[in-house]
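Commentary on secondary and tertiary structure
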Amino acid sequence: MSPPASSPAEQLGGLLFGYRVSQAVSVAAALGVADTLATGPRASEELAAELGCDPAAFYRLVRLLAASGVLEEDAERRFSLTPVGALLRSDVPGSMREPATLQGRPEIHAAYARLEDAVRRGENAFEIEFGENIWSWRARQPELASQFNRAMATWSRIVAPALAAAFDFGSVGTVVDIGGGSGSMIAGLLAEHPELRGIVFDQPAVVTEAEPVLQAAGVRDRAQLVGGDFFVDVPVADVYVMKSILHDWDDEECVRILRVIQARAGAEARLHVVERVLGGPNEDLQGKLSDIHMLVMPGGLERTLDEWRSLLHAGGWALQRREPLAAGWDLIEATRVGD
């Protein structure tokens, strides 16, 4: 027999108080709870002592996580990982520990507290709160910038195999990942296509983080690290990949980026935009949550397929196809429009 449907009040309560669970998950990720449970069930007090936490407060945290399906508690206050909680381990394929830790950052909460102002004024919430955009703020805090890059690399590792399978990279000489961060996308593509060569392109202070990632993947000999600014110039390549870049910017800035790439691209070049394609009315909660996050944090937006088509056209590209990849991302493939 299925459980009774929640009342409207219960449904609204779940929406209102969901941030409490989110913060608890983030704290557990930061503490490394899942890593300590990798070998099997452990008592709450034992875990608290190992992680340097107050025993009573720690138990209150983990029993909430057990009620949320992240952990499982037995009658003796011993906790173990569920399949959901296992994704908070740092040493498993598809680990979500870095994104979970990032979401608990105080600057994110402070920016979200200005959402009403952003909606009323049509301005970026982060800039309202901090007086500057997230990029300049983060540039002065290299440890936090590195944490952000590690979180983004999580998604790239998930998407890269799907992108490698969605396009015949075997016929391509060189692919460049624009805004490639720590190199996870290029590492994944080169691992799937042994003849392919790749370029990780990002800000000079960021691109050096790709070195150990490419070495670990065994593809360093086929990859270049190039520092620069995609508003000014980009490397020459056969395929240009941009994952979760254009949604950070408004239309005018996106057109600038697209025009810079178009100016360097050959007539047969392909552009692979890896982004979300926003769904229609009353659907696509994850896409619309991401869209609000763009309003709050970087100041960009998510787009419908028609909006992507128009944006690409304004930037000198023609949309050819859209193909779902993984974890809510889509491949939006475009070809260069002649001058």
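The text that follows walks through the structure, step by step, so that each part is easy to find. (Residues numbered from 1 in each chain as written. Predicted model: local features only at pLDDT ≥ 70, side-chain atom pairs only at ≥ 80, totals over all residues. Heavy atoms only, no water.)

1. Side note on the overall build of the protein
To keep it simple, the criterion reads: Counting from the N terminus, the helices are the DSSP runs of H or I reaching at least four residues and the strands are the DSSP runs of E reaching at least two. Only C-alpha atoms enter the radius of gyration, while the globule expectation follows 2.2 Å times N to the 0.38, with N the number of residues. By the convention used here, residues are in contact when the closest approach between their heavy atoms is within 4.5 Å. Method for areas: the Shrake-Rupley scheme with a 1.4 Å probe, in which residue coverage is limited to the protein chains shown.
What the protein contains, in helices and strands, is 17 helices and 10 strands. The C-alpha radius of gyration of the protein comes to 22 Å, within 12% of the 20 Å expected for a compact globule of 339 residues. Its C-alpha atoms put the protein at 70 × 50 × 50 Å along the principal axes. Partitioning the intrachain contacts of the protein with sequence separation of at least 6 by distance along the chain shows that 64% fall at a separation of at least 24. Working note: accessible area of the protein is about 16,800 Å², and carbon and sulfur atoms make up 53% of it.

2. A few points about the sheet that holds strand S1 (residues 42-43)
What counts is decided by this rule: Think of it this way: DSSP has to see at least two bridges between two strands before they count as a pair. Structural elements are reduced to axes, namely lines fitted to C-alpha atoms, with helices fitted over the stretch in contact, and the angle between N-to-C directions of any two is expressed from 0 to 180 degrees.
One open sheet holds the three strands; their spatial order is S1-S3-S2, and the pairing between them is antiparallel. The two strands at the open ends of the sheet, each matched to only one other strand, are S1 and strand S2 (71-73). Relative to strand S3 (residues 78-81), S1 runs antiparallel, the two sharing two bridges. Looking at the pairing, Arg-42 lines up with Phe-79 of S3. Set on the sheet, helix H4 (residues 55-67) makes contact with S2 and S3; between it and S2 the angle comes to about 105 degrees.

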